[in-house]
Amino acid sequence: MQYLLILYSSESGWSNMTPAEQEQAMGAYHAFTEALKKAGALTGSNRLQPISSATTVRVANGKTQVLNGPYADSKEQLGGYYLIEVPDLDAAISWAARCPGASHGIVEVRPVWAMRA
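Now for a quick tour of the structure.

Calculation notes
- Residues numbered from 1 in each chain as written.
- Predicted model: local features only at pLDDT ≥ 70, side-chain atom pairs only at ≥ 80, totals over all residues.
- Heavy atoms only, no water.
- Phe/Tyr/Trp six-rings, centres within 6.5 Å; stacked < 30°, edge-to-face > 60°.
- Helix = DSSP H or I, 4+ residues; strand = E, 2+ residues; numbered from the N terminus.
- Buried < 20%, exposed > 50% of the residue type's maximum accessible area, 1.4 Å probe, protein only.
- Arc of directions from axis to C-beta.
- Contact = heavy atoms within 4.5 Å.
- Polar contact = N/O pair within 3.5 Å; in protein donor to acceptor, adjacent residues only side chain to side chain.

Moving on, we come to the packing of aromatic side chains. In this description, an aromatic ring pair is defined by two values, namely the gap between the centres and the angle between the planes. Scanning the model with the defined rule gives 2 aromatic pairs in all. Residues phenylalanine 32 and tyrosine 82 carry aromatic rings whose centres are separated by 5.0 Å and whose planes lie at 90 degrees to one another, so their mutual orientation is edge-to-face. With phenylalanine 32 in helix H2 (residues 19-38) and tyrosine 82 in strand S5 (residues 77-85), this residue pair connects regions lying 50 residues apart in the sequence. The class for tyrosine 82 is buried, based on a relative accessible area of 6%. A centroid spacing of 5.9 Å and a plane angle of 65 degrees characterise the contact between phenylalanine 32 and tryptophan 95, whose relative ring orientation is edge-to-face. Within this pair, whereas phenylalanine 32 is found in helix H2, its partner tryptophan 95 is found in helix H3 (residues 89-98), the two being separated by 63 residues in sequence. A relative accessible area of 10% means that tryptophan 95 is categorised as buried. Members of the aromatic cluster, each reached through a chain of ring pairs, are Phe32, Tyr82 and Trp95.

Here it is, written out as structure tokens:
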């Protein structure tokens, strides 16, 4: 079963870190990614650009509305994700708890709804 581990944290947290703290954090994410690969669980992952680069699109009454910035204004932003394949929800939760993002934000675990061709 595939699960998306969705990482949310405060974007300002990164800029408030010292270079040494940033290096340590990147090392932790690298180690986590390598552990997922070694376990054969990693299907894909990416880090997202800052929310200032987001564009929001909505169609209302047949008209396309395009807004600069994210849809939601919250203290935590979507910063990246891991797509994993594991036997069950318990395994996905276990990986989410090991993710460095869980210690400075939240990791949402969501099952992927496989679409039939």
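After presenting the structure, the write-up continues.
Along H3, the residues that are buried comprise Ala92, Trp95 and Ala96. Buried residues of H3, seen end-on, are gathered within an arc of 100 degrees and therefore sit on one face of the element. With respect to the buried face of H3, the exposed residues turned more than 90 degrees away are Asp90 and Ala97. Close packing links the buried residues of H3 with strand S1 (2-9), H2, S5 and strand S6 (105-111). Sitting at the amino-terminal end of H3 is aspartate 88, which places a side-chain oxygen 3.2 Å from the backbone nitrogen of aspartate 90.

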